[in-house]
Amino acid sequence: MIMTGFRLNLTPLKEPLGFIKILEWLTAIFAFGSCGSFSGRNIITLFCGGVRNETLNVTIHYPFRLNEVMLVSANSTLCGRPVQETHLVGDSAFSAEVFVAVAIMAFCYSMATLLIYLGYMDSYRDPQGSSWPQTDFFLTILFATIWLVCSSAWAKGLQNVRDATGTAGIQATLSVCQAQGVVCEVTERANMRSLSVSVVFGFLNLVLWLGNVWFTYKETPWHSRTPPAEEVPVRRHVPVPI
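Keep in mind the model is a prediction, meaning the values are calculated, not measured. (Residues numbered from 1 in each chain as written. Predicted model: local features only at pLDDT ≥ 70, side-chain atom pairs only at ≥ 80, totals over all residues. Heavy atoms only, no water.)

Visitor: Got a minute to help me understand the state of the cysteines in this structure?
Guide: Linking two cysteines covalently via their sulfur atoms produces the bond known as a disulfide. What the rule picks out here adds up to two disulfides. The residue that forms a disulfide with Cys 177 is Cys 184, at a sulfur-sulfur distance of 1.9 Å. Taking the torsion about the S-S bond as the criterion, the Cys 177 to Cys 184 disulfide, at about -100 degrees, is left-handed. Judged by relative accessible area, which is 2%, Cys 184 ranks as buried. (Disulfide = S-S within 2.5 Å. Buried < 20%, exposed > 50% of the residue type's maximum accessible area, 1.4 Å probe, protein only.)

As structure tokens, this is what we get:
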């Protein structure tokens, strides 16, 4: 595809093709911003039953390698009982990192495509040798598929994080919580609302990219190609003899 000089034209923003691309650009920002910047702290209280209660602080942050987060250091004593070095259980790093990476790639692609729409739309829609509409169409399908996979995986990964850092998860992980008379409870949980928002924006991106498949398809020669008109036989009127 041969690009001519950049000519700013805001008309594509009034069309669904350009307007949806702006929405994709914005939702990608919210998706990776709400997930990649997360950091929170859980406060765990151990009610020791007659002995001084104990408190543990656990910091949770992106990319959520929980098995590397130390819950209790080595040679510790809790509720008068020796406790071995203990870490949280689980690892949601892969799903979180893939989710953020896809969001960043979608952000960059949307920004680059908007630049083409606003400055090179004549070349984009040039019927002579322009392959960008087909490329845009296939990449839109690819992004829609990836958003489905990574959003579903991250939703499951987030649920694993919630389970591992909740009261039930801590009780199953920390051995002293199994002792008689000891009750472990997460008395203050990290606010994971932003992580829930990231999942919502992940599936919102899926809807936007899936809907944009139609509008990118309309720009391809496959949609604009019209079948040749069928020739209709012309009937000649023969004069009736008088």
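Having seen the model, we can carry on.
Visitor: Looking at this model, I keep getting lost on the packing of helix H1 (residues 16-36) against helix H2 (residues 93-119). Mind explaining?
Guide: The N-to-C vectors of H1 and H2 enclose an angle of 150 degrees; their axes lie 8 Å apart at closest approach. Looking at the two axes, H1 sits roughly antiparallel to H2. Between H1 and H2 lies a crossing whose hand is left-handed. Split by residue class, the contact of H1 with H2 holds 19 nonpolar, four polar and two charged. (Axes fitted to C-alpha atoms, helices over the stretch in contact; angles between N-to-C directions. Helix = DSSP H or I, 4+ residues; strand = E, 2+ residues; numbered from the N terminus. Parallel < 35°, antiparallel > 145°, perpendicular 65-115°, else oblique. Left-handed = near helix turned anticlockwise from the far one by under 90°. Nonpolar A, V, L, I, M, F, W, Y, C, P; charged D, E, K, R; others polar.)

Visitor: Teacher, can you tell me more about the packing of aromatic side chains here?
Guide: Both the distance between ring centres and the angle between the ring planes are used here to describe each pair of aromatic rings. Throughout the structure, instances matching the rule amount to 15 aromatic pairs. Judged by centre distance (5.0 Å) and plane angle (15 degrees), the ring pair of Phe 30 and Phe 201 falls under stacked. Taken together, the residues span a long stretch of sequence, with Phe 30 in helix H1 and Phe 201 in helix H6 (residues 193-218) at a distance of 171 residues. Measuring from ring centre to ring centre gives 6.1 Å for Phe 32 and Phe 107, while their planes differ by 75 degrees; the resulting arrangement is edge-to-face. (Phe/Tyr/Trp six-rings, centres within 6.5 Å; stacked < 30°, edge-to-face > 60°.)

Visitor: Help me out: how do you make sense of the environment of Gly 40 in this one?
Guide: The topology assignment puts Gly 40 in strand S1 (residues 39-47). Between the alpha carbons of Gly 40 and Arg 189 there is a distance of 8.2 Å; along the sequence they are 149 residues apart. For Gly 40, the residues in contact, after removing those within four places along its chain, are Val 58, Thr 59, Ile 60 and Ala 190. (Contact = heavy atoms within 4.5 Å.)

Visitor: Honestly, the sheet that holds strand S2 (residues 54-61) in this entry has me stumped. Any pointers?
Guide: By way of backbone hydrogen bonds, the strands of a sheet pair with one another, either parallel or antiparallel. In space, the three strands of this open sheet follow the order S2-S1-S7, with antiparallel pairing throughout. Bordering the open sheet on either side are S2 and strand S7 (183-188), each of which pairs with just one other strand. When strand polarity is set aside, the average angle formed by the axes of neighbouring strands in this sheet is 30 degrees. Of the strand pairs in this sheet, S1 and S2 are connected by eight bridges, and their pairing is antiparallel. Each bridged residue has a counterpart across the sheet, and for Ile 43 the counterpart in S2 is Asn 57. (Pairing = 2+ DSSP bridges.)

Visitor: Explanation requested: the nonpolar core in the structure shown.
Guide: The tendency in soluble globular proteins is for nonpolar side chains to be buried as a group. Counting 57 residues, the largest nonpolar core has Leu 46, Leu 71, Trp 147, Trp 154 and Leu 174 as the members making the most contacts within it. With 11 residues, H2 is the single largest residue contributor to this core. Ignoring anything within four residues of it in the chain, the contact list for Trp 154 reads Cys 35, Phe 64, Ser 95, Ala 96, Phe 99, Leu 195, Ser 198 and Val 199. (Core = buried A, V, L, I, M, F, W, Y, C linked by side-chain atoms within 4.5 Å.)

The analysis is restricted to geometry; functional conclusions fall outside its scope.
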